[in-house]
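Spelled out, the chains give:
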Amino acid sequence: MDNVIECVNLTHCYGKKLIYKDLNFSVQRGKIFGILGKNGTGKTTTINILMGFLRPTSGKCYILGEESHNLFPQTRAKIGLLHESHVCYEFMTVAQVEKFYSRFFLKWKKDLYYGLIDRLGVSYDHKISHMSCGQRSQVALGLIMAQNPELMILDDYSMGLDAGYRMLFIDYLTDYVRENNKTVFMTSHIIQDLEQVIDDAIIIGRQKILLQMPIKEFLSTFHQYHFNVEGRLPDLDFDDTIANWESLKNHYTVYSFKAEKDVKTYLENKGISIQDFHEISMNLEHAFIGLTGKY
Amino acid sequence: MYKAILYKEWLKIRWVVLGSVLVILGFLMYIGLNVRQYFEMNDPIKVWIYLIQKKVLYYSLLKFIPIFTAIVLAIVQFTPEMAKKRYRLTFHLPFSETKSLLFMSGIGLAFILLIAIILLVGLAIIGSIYLPAEVTISSLISVLPWLLAGFVSYLATSAIVLDPSWKYRLLFVLFFAPFIQSLFLENGYYEYKYSIGIYFLISLLFGIIILFPGYRLRKGSVK
């Protein structure tokens, strides 16, 4: 399989604080890959390492076959970066920023950029600093699309966007990526939006990867079970069956990759008297919280 | 690609360039009119005493123009790159970051050179109209340390603005401040006649200073 990104035994610390240890993952060509995790688990750190702005404490990260902190300029031309908060040259106008970037990329597609800008209804001499966050996100996306990169790395594209602009961003992105067979590596703090977009994901917990699998497989194999308990309220261990659990009074919720029957048998074997045991369906956001916990 | 970088830098600095050129031209005109008025209002002996014996530099109004312009220019040029970590945009361009940084600072230095040329030509014109050649030449030599201070201040301010670490910023201040201050110790004409060459050679070494903060930014000194 052709891997566009490959991270091997990636470990990073800020001073003495370990962010994660021995992270291993790869991203296949043509896939939309999401990196999910709660605040402080190292999503932005990973993006910074991939972008070459941070050297990992140990381990290697390869992008298009080159070490990420030492990319050749011609390799950088194949990577479109969307920076957090859609950072761009805000002292430029819509037309000026296009003129600037177009000189760096041989495969520049001006029409794609202006196609997106025209949808915004802003004039070409509109200064980017005078735009709303949503409009700026479209400018940034338009520039990346016009660059026609092999790989797009999108760092929290949803930051500062309202629901409408998030949808617009996702619509344009997925249409472009599917049509042009691009590879995308993305993060977002709005997990729900990613459900319809990403193919594969890794979920990072405290200092390690909790899971790496196609998102459809995750949603079909990860279950949420509710039940009530009579009498003593037991503490459950985390093991092969119980990925996570939580309780409120005598109501229990258990998250597991096992089937309903297996979990029920497991609980009964522990001597727990369960009532009203049933599965509740989950979207990606619920499944994510189920795996990583609310706190 | 160089053309694109030049275009970006021009968008950032154009108002500083236009503004400072206008200010300098205004100052030169003021100095010219002042000298003319002094010659018209006073007899030649008094002018001689005033200019030569009392060592009054008739162009002292220009003293801090190069350094002030250079500092403003470096701030205007590099602050937008640092705000919101925008330097990452530059570093991700398919262009060597070393060449990019050197070219960006080269553009700033070229503008300071333009300022220097305007100042020198302006003073030469004023001198050629009102003063003996010896006084004109000595005034041009005396102004060189101020111009050199402009170049060095630009490099120093650029490095200070670009550096991600306050520790290094402070080190740059402590390193450059005495050198720049030593270029303003004149007390008359020809004061730096024999040392300006050495100052110039030392200043050349500062030319690549901008690469140090650039390297730290690129290799991840910023979390």
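Residues numbered from 1 in each chain as written. Chains lettered and ligands numbered in written order. Predicted model: local features only at pLDDT ≥ 70, side-chain atom pairs only at ≥ 80, totals over all residues.

S.K.: What's the story with the sheet that holds strand E4 (residues 58-63) of chain A in this structure? I'm lost.
M.R.: Strands pair in a sheet through their backbones, by hydrogen bonds, and they do so in one of two ways: parallel or antiparallel. Residues and elements named next belong to chain A. One open sheet holds the 4 strands; their spatial order is E2-E1-E4-E5, and the pairing between them is antiparallel. Each having just a single partner strand, strand E2 (17-28) and strand E5 (66-67) make up the two edges of the open sheet. As defined by bridge partners, E4 adjoins E5 across 2 bridges and the pair is classed as antiparallel. Looking at the pairing, Ile-63 lines up with Glu-66 of E5. Strands strand E1 (3-14), E2 and E4 of the sheet are contacted by helix H1 (residues 43-51), whose axis makes an angle of about 120° with E1. (Pairing = 2+ DSSP bridges. Helix = DSSP H or I, 4+ residues; strand = E, 2+ residues; numbered from the N terminus. Contact = placed C-beta atoms within 7 Å. Axes fitted to C-alpha atoms, helices over the stretch in contact; angles between N-to-C directions.)

S.K.: What is the right way to read the nonpolar core from this model?
M.R.: Side chains of nonpolar character tend, in soluble globular proteins, to be buried together. Within the largest apolar cluster, 74 residues are counted, with the highest numbers of intra-cluster contacts made by A:Leu50, A:Cys88, A:Val97, A:Leu143, A:Ile153, A:Phe185 and A:Ala201. Each of two domains, domain 1 (3-215) and domain 2 (222-292) of chain A, supplies a minimum of three residues to this core. Membership of the second largest hydrophobic core comes to 38 residues, among which are B:Phe91, B:Trp146, B:Ile210 and B:Leu217. (Core = buried A, V, L, I, M, F, W, Y, C linked by C-beta atoms within 7 Å. Buried ≥ 20, exposed ≤ 12 C-beta atoms within 10 Å, placed from the backbone. Domains from an automatic or database assignment.)

S.K.: Would you mind showing me how to read the interface of chain A and chain B here?
M.R.: Much of the literature gives interface size as the accessible area that the parts lose upon coming together. With 23 residues of chain A at the contact, the number on the chain B side is 21 residues. Mapped by element, the contributors of at least two residues to the side of chain A that touches chain B are helix H2 (73-76) and helix H3 (94-102) of chain A. Along the lines of polarity and charge, the residues of the side of chain A that touches chain B split into 14 nonpolar, 5 polar and 4 charged. (Nonpolar A, V, L, I, M, F, W, Y, C, P; charged D, E, K, R; others polar.)

S.K.: Where do I start with the domain arrangement of chain A in this structure?
M.R.: Residues and elements named next belong to chain A. If you check the domain split of chain A, you get domain 1 (3-215) and domain 2 (222-292). On a C-alpha basis, the centres of domain 1 and domain 2 stand 36 Å from each other. Taken together, the contacts link 11 residues of domain 1 with 6 residues of domain 2. Going through the elements one at a time, helix H7 (191-194) and strand E10 (209-214) are the ones with two or more residues in the side of domain 1 that touches domain 2. Element by element, the count of residues in the side of domain 1 that touches domain 2 is highest for H7, at 3 residues. Residues of the side of domain 1 that touches domain 2, tallied by class, amount to 7 nonpolar, 2 polar and 2 charged.

S.K.: What exactly am I supposed to notice about the confidence of the model for chain B here?
M.R.: Should the pLDDT be low somewhere, the predicted coordinates at that spot are not to be read in detail. Residues and elements named next belong to chain B. Confidence in the prediction of chain B, expressed as mean pLDDT, is 86, and 95% of residues score 70 or more. At the low end of the mean pLDDT range in chain B sits helix H9 (residues 211-218), at 77; at the high end sits helix H3 (residues 65-82), at 93. This complex was scored by the predictor with a pTM of 0.82 and an ipTM of 0.81. (pLDDT = per-residue confidence, 0-100.)

S.K.: Help me understand unusual backbone geometry in this model?
M.R.: Excluding glycine, a negative phi dihedral is what most residues carry, and trans is how most peptide bonds are arranged. All names here are of chain A. If you check the backbone angles, Asn-148 has positive phi at about 55° while not being a glycine. Positive phi values are uncommon outside glycine, yet Asn-181 reaches one of about 55°. By the element assignment, Asn-181 lies in the loop between helix H6 (163-180) and strand E8 (183-186).

S.K.: Sorry if this is basic, but what is going on with the sheet that holds strand E3 (residues 32-37) of chain A here?
M.R.: All names here are of chain A. One open sheet accounts for 6 strands, arranged E6-E7-E8-E3-E9-E10; its pairing is mixed. The open sheet terminates on both sides in strands that have one partner only, identified here as strand E6 (79-82) and E10. Direction aside, neighbouring strands of the sheet carry axes that sit 10° apart on average. In the sheet, strand E9 (residues 200-204) pairs with E10 via 5 bridges, with the strands oriented antiparallel. Directly across from Ala-201, in E10, lies its bridge partner Met-213. Its contacts with the sheet put helix H5 (residues 133-147) on E6 and strand E7 (151-154), and the angle it makes with E6 is roughly 175°.

S.K.: I would appreciate a short explanation of the pairing of E3(A) in the present structure.
M.R.: Regular strands place side chains that alternate from one sheet face to the opposite one. Residues and elements named next belong to chain A. In terms of burial, E3 is largely enclosed, as 6 of its 6 residues are buried. Of the two faces of E3, the one lined by Ile-32, Gly-34 and Leu-36 and the one lined by Phe-33, Ile-35 and Gly-37 are each fully buried. Where E3 and E8 come together, 3 bridges link them in parallel fashion. Across the sheet, residue Ile-32 finds its bridge partner in E8, namely Val-184. With 5 bridges joining them, E3 and E9 adopt parallel strand pairing. Paired with Gly-37 across the bridge in E9 is Ile-204.

S.K.: Would you mind showing me how to read the packing of H5(A) against H6(A) here?
M.R.: Each packed pair of helices is defined by two parameters, the angle between the axes and the distance between the axes. Residues and elements named next belong to chain A. Here H5 crosses H6 at 10°, and the two axes come no closer than 10 Å. Regarding the angle of H5 to H6, the classification is roughly parallel. Contacts between H5 and H6 involve Gly-134, Ser-137, Leu-141 and Met-145 on the former and, on the latter, Tyr-165, Phe-169, Tyr-172, Leu-173 and Tyr-176. For the contact of H5 with H6, a count of residues per class yields 7 nonpolar, 2 polar and no charged. (Parallel < 35°, antiparallel > 145°, perpendicular 65-115°, else oblique.)

S.K.: Would you explain helix H5 (residues 97-130) of chain B in this entry?
M.R.: All names here are of chain B. Compared with the 50 Å implied by 1.5 Å per residue over 34 residues, the 49 Å span of H5 between its first and last C-alpha is a close match. Taken as a whole, H5 has its buried residues at Leu-101, Met-104, Ser-105, Gly-108, Phe-111, Ile-112, Ile-115, Leu-119, Leu-123, Ile-126 and Gly-127. Contact partners of the buried residues in H5: helix H1 (2-41), H3, helix H6 (133-162) and H9. (Expected span 1.5 Å × (residues − 1).)

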